[in-house]
Amino acid sequence: MDRDELVAANLAWWDERAPVHANSSFYRVEQLINGESALDPFELEELPSETGTSLLHLQCHIGTDTISWARRGFQVTGLDFSAPAIAEARRIAAACGIDGKWIVSDVYAAPEVLNRRFDIIYTGKGAIDWLDDLGSWAKVVDQLLNPGGYLYLVEFHPITWILPDDGWAIANDYFADQPYVEADPGGSYAAPEHVTHANLTAEWHHTLGEIISCIASVGLTVEWLHEFDYTHFAQTTLLEQSPDDRRYRISAGIPRIPLLYSIRARKPS
Ligand SMILES: C[S@@+](CC[C@H](N)C(=O)[O-])C[C@H]1O[C@@H](n2cnc3c(N)ncnc32)[C@H](O)[C@@H]1O
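Notes on the structure in this doc start here. Everything quoted here is computed from the prediction, not taken from an experiment.

Rules behind the numbers
Starting afresh in each chain, residues are numbered from 1 along the sequence in its written order. Whole-chain, interface and lining totals are the exception, using all residues; otherwise, since this is a predicted model, local features are given only for residues with pLDDT of at least 70 and side-chain atom pairs are given and counted only at 80 or more. To get the side-chain values, all heavy atoms of the structure are used, and hydrogens and water are removed first. Each helix is a run of H or I in the DSSP string that is no shorter than four residues. Each strand is a run of E no shorter than two, and both are numbered from the N terminus. C-alpha atoms define the radius of gyration, and 2.2 Å times the number of residues to the power 0.38 defines the globule rule. Each residue gets one of three labels from its accessible area relative to the maximum for its type: buried under 20%, exposed over 50%, partly exposed in between, using a 1.4 Å probe on protein chains only. Working rule for contacts: check all heavy atoms of both residues, and any pair within 4.5 Å makes them a contact. What we call a nonpolar core is a set of buried Ala, Val, Leu, Ile, Met, Phe, Trp, Tyr and Cys residues that are connected through their side-chain atoms within 4.5 Å. The near set for a molecule or strand comprises every residue that places at least one heavy atom within 4 Å of it. Side-chain atoms alone can form a polar contact between residues adjacent in sequence; in general such a contact is a pair of N or O atoms within 3.5 Å, and within protein one must be able to donate a hydrogen while the other accepts it. All amino acids are sorted into three groups, where Ala, Val, Leu, Ile, Met, Phe, Trp, Tyr, Cys and Pro are nonpolar, Asp, Glu, Lys and Arg are charged, and the leftover types, Gly among them, are polar.

As a further point, take the overall build of the protein chain. Looking only at helices and strands, one finds eight helices and twelve strands in the protein chain. A globule of 269 residues ought to have a C-alpha radius of gyration of about 18 Å, and the protein chain, at 18 Å, matches this closely. When its C-alpha atoms are laid out on the principal axes, the protein chain stretches across 45 × 40 × 40 Å. When burial is assessed residue by residue, the protein chain has 51% of its 269 residues classed as buried.

Here's what the structure looks like:
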């Protein structure tokens, strides 16, 4: 399959799953409507509330994080290439009483489609691995940022891609330079039992060096990079879910590796 066929397969995968995710216990939409935040505590510390500041969420999926940022005072725009995901985001935002803008667009076309700039670009938690060309993505981020604005990226740590589904070992190549194409058995991380028909995905694993170098290459200044020892899904059987915050951590006695990271990178004024 060529690159466009792989991206079309990914779009079909997300289109089918967006309504399923909106009804899943994973995305906690009912709790969001009742006032719960979808964001991690560290995100609330790293991105302080700024009333009136514009925030663009690239690859916003069904908008649960975007809506949570809107509640913190940001003027939010959510963008995703899946029309069903944006339809769910619009519906959930209305139920939450949130006044956001919701745009269907491929990330790479965002500067032309949006035709404006933002103070903050937020993205991540399973976003950039769906993109084949991180150099073009960084240019898009730069084009969409106001001078003095910044990218706030929160992602699953690329080192975690080396882990097997089961156990604790180096099972996959950190430096893999080919897309990871998988015909999965159906369902998803949020709804494993759900019967689905579009089950082929392609992901492009980017090393931490590639990610930071792409961000720096467009002139953004990386102000910090933080690493965290927990994540949002059972990436391997040796992660244990905490009943308190529902996050997944490495079992006691096993040496830890970072599972999530965050980066702030600022555009010069
Ligand atoms: C895991 S979700 C985003 C993470 C978000 N934190 C969440 O879970 O709600 C990945 C999203 O990326 C979107 N996506 C994938 N490739 C894209 C592209 N090329 N342009 C725009 N959106 C894309 C998918 O439609 C999906 O909604």
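On to the environment of Ala-70, then. Position of Ala-70 relative to the elements: it lies in helix H4 (residues 64-70). With a relative accessible area of 15%, Ala-70 lands in the buried category. Each C-alpha atom of the pair Ala-70 and Thr-53 lies 9.9 Å from the other, and the pair is 17 residues apart in sequence. Not counting the four nearest positions on each side in its chain, Ala-70 is found in contact with Val-76 and Ile-98.

Our focus in this paragraph is the nonpolar core. Note on soluble globular proteins: their nonpolar side chains tend to be buried together. In terms of nonpolar packing, the biggest core is built from 35 residues, with Leu-47, Leu-55, Ile-67, Trp-69, Ile-92 and Tyr-152 touching the most fellow members. Elements with a contribution of two residues or more to this core: helix H1 (3-22), helix H2 (29-33), H4, helix H5 (83-96), strand S4 (118-124), strand S5 (145-156) and strand S8 (221-228). Considering every element that reaches this core, the biggest residue donor is H5, with six residues. Not counting chain neighbours up to four residues away, the residues in contact with Leu-47 comprise Leu-55, Trp-69, Arg-72, Phe-74, Ile-120, Tyr-150 and Tyr-152.

Positive phi is not limited to glycine here, since Gln-59 has a value of about 60 degrees. The residue Gln-59 is located in the loop between strand S1 (54-58) and H4 in this model. Among the residues examined, Gln-59 registers a relative accessible area of 16% and is labelled buried. Notably, His-61 is not glycine yet its phi reads approximately 55 degrees, a positive angle. For His-61, a relative accessible area of 10% corresponds to the buried category.

Another aspect to go through is the site of the ligand. Taken together, the neighbourhood of the ligand is formed by 17 residues, with Tyr-27, Gln-59, His-61, Asp-80 and Val-107 sitting nearest. Backbone polar atom of Gly-124 to a nitrogen atom of the ligand: 3.4 Å apart, as the coordinates give it. Here the residues of the shell around the ligand sort into seven nonpolar, six polar and four charged.

Purely geometric numbers; function is a separate question.
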